[in-house]
2 protein chains.
Amino acid sequence: MDRTFAALSDPTRRALLARLEGAEAVSVSELARPFAMSLPAVMKHLDVLSDAGLITRTKTGRTVSCRLKADPMEEAMGWLARYQRFWTQRLDALEAMLEARRKAPSEAE
Amino acid sequence: MDRTFAALSDPTRRALLARLEGAEAVSVSELARPFAMSLPAVMKHLDVLSDAGLITRTKTGRTVSCRLKADPMEEAMGWLARYQRFWTQRLDALEAMLEARRKAPSEAE
């Protein structure tokens, strides 16, 4: 999970994952095209994503294509989801408090 | 979002957040107790969490207490949730494929 979150902490890497979300498999050169950085720089980012298990790379002839592997992201979501319960509880508490306040003046009438 | 994911990439910091999840506010010394590291080391981790907006610190007399602030985590969840659609689509496609395979032999009978 350390590597997943570290991999996600860079905007270029998040953009690469977002690009891979829409397609089955994308070649490295096609992935690199929209970025204002060198191909080796993009490839280093792909190394980080691959080490974190977020993508797989397949070589066909001279073309390397990348695919998204969502398992580590699912694990990261699972970790964060604990906190969704926390927010929900907070919102419920807030709602209950507002409800109680709304009732209070009418009871005083 | 860079800072959120970077902050979450360390197991000590995730453990600190998990500890704060269960309580309203926890003092720094109480937070540090379970960890086999110095108080200044824990305080550095709290700095990272605070810089990422994941916690707030309040000083009351000589006690500093920390509270969880879930907003950045909600944002991170939102980003990851896009991929949940991706997994769901994949699972749907897999299910459809298996369904088609299950049907194929019976049609041949």
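This report concerns the structure included in the present document. Because the structure is a prediction, the values reported are computed rather than measured.

Scoring rules and cut-offs
- Residues numbered from 1 in each chain as written.
- Chains lettered and ligands numbered in written order.
- Predicted model: local features only at pLDDT ≥ 70, side-chain atom pairs only at ≥ 80, totals over all residues.
- Heavy atoms only, no water.
- Least-squares fit on C-alpha atoms with pLDDT ≥ 70 in both.
- Contact = heavy atoms within 4.5 Å.
- Pairing = 2+ DSSP bridges.
- Helix = DSSP H or I, 4+ residues; strand = E, 2+ residues; numbered from the N terminus.
- Axes fitted to C-alpha atoms, helices over the stretch in contact; angles between N-to-C directions.
- Phe/Tyr/Trp six-rings, centres within 6.5 Å; stacked < 30°, edge-to-face > 60°.
- Parallel < 35°, antiparallel > 145°, perpendicular 65-115°, else oblique.
- Nonpolar A, V, L, I, M, F, W, Y, C, P; charged D, E, K, R; others polar.

**Observations regarding the relation of the copies chain B and chain A**
Note on the copies: chain B fits chain A at an RMSD of 0.1 Å, the axial shift is 0.1 Å, and the rotation between them is 180°. Taken together, the turn and the small shift mark the pair as related by a two-fold rotation axis. Interface residue correspondence from chain B to chain A reaches 100%, placing this contact among same-surface, isologous pairings.

**What about the pairing of strand β3 (residues 63-68) of chain A?**
Every other side chain in a regular strand lies on the same face of the sheet, so the side chains alternate between the two faces. Residues and elements named next belong to chain A. Here strand β1 (residues 26-27) runs beside β3; their pairing, made up of two bridges, is antiparallel. Paired with Val26 across the bridge in β3 is Cys66. Where strand β2 (residues 55-60) meets β3, six bridges bridge the pair, whose relative direction is antiparallel. Looking across to β3, one finds that Thr60 is bridged to Thr63.

**Re the sheet that holds β2 of chain A**
Residue and element names in this part refer to chain A. Judged by pairing direction, the sheet is antiparallel, and its three strands sit side by side in the order β1-β3-β2 without closing on themselves. Each edge of the open sheet is held by one strand with a lone partner, namely β1 and β2. Packing of helix α2 (residues 11-21) onto the sheet brings it into contact with β1, β2 and β3, and relative to β3 it is tilted by some 90°. Its contacts with the sheet put helix α4 (residues 39-51) on β2 and β3, and the angle it makes with β2 is roughly 120°.

**Notes on the sheet that holds strand β2 (residues 55-60) of chain B**
Backbone hydrogen bonds hold the strands of a sheet together, and the pairing may be parallel or antiparallel. Residue and element names in this part refer to chain B. Read across the sheet, three strands follow the order β1-β3-β2 without closing on themselves; strand pairing throughout is antiparallel. Only two strands of the sheet have a single neighbouring strand rather than two, namely β1 (26-27) and β2. Against the sheet, helix α2 (residues 11-21) makes contact with β1, β2 and β3 (63-68), and its axis sits at roughly 90° relative to β3, the strand it touches most. Each of β2 and β3 touches helix α4 (residues 39-51); the most contacted strand, β2, lies at about 120° to it.

**Here we look at the packing of aromatic side chains**
One pass over the full model with this rule turns up three aromatic pairs over all chains. The interplanar angle of 75° and the centroid separation of 6.2 Å between the aromatic rings of Phe5 of chain A and Trp79 of chain A together place this pair among those described as edge-to-face. Remark: Trp79 of chain A occurs in helix α5 (residues 71-108) and Phe5 of chain A occurs in helix α1 (residues 2-8); sequence separation between them is 74 residues. Here a set of aromatic residues connected by ring pairs shows up, and it is made of Phe5 and Trp79 of chain A together with Phe5 and Trp79 of chain B.

**Quick word on the packing of α2 of chain A against α4 of chain A**
All names here are of chain A. Their axes nearest at 10 Å, the elements α2 and α4 cross at an angle of 75°. Classed by the angle they form, the pair α2 and α4 counts as roughly perpendicular. Residue-level contacts link Thr12, Arg13, Leu16 and Leu17 of α2 to Val42, His45, Leu46, Val48 and Leu49 of α4. Per-class residue counts for the contact of α2 with α4 are six nonpolar, two polar and one charged.

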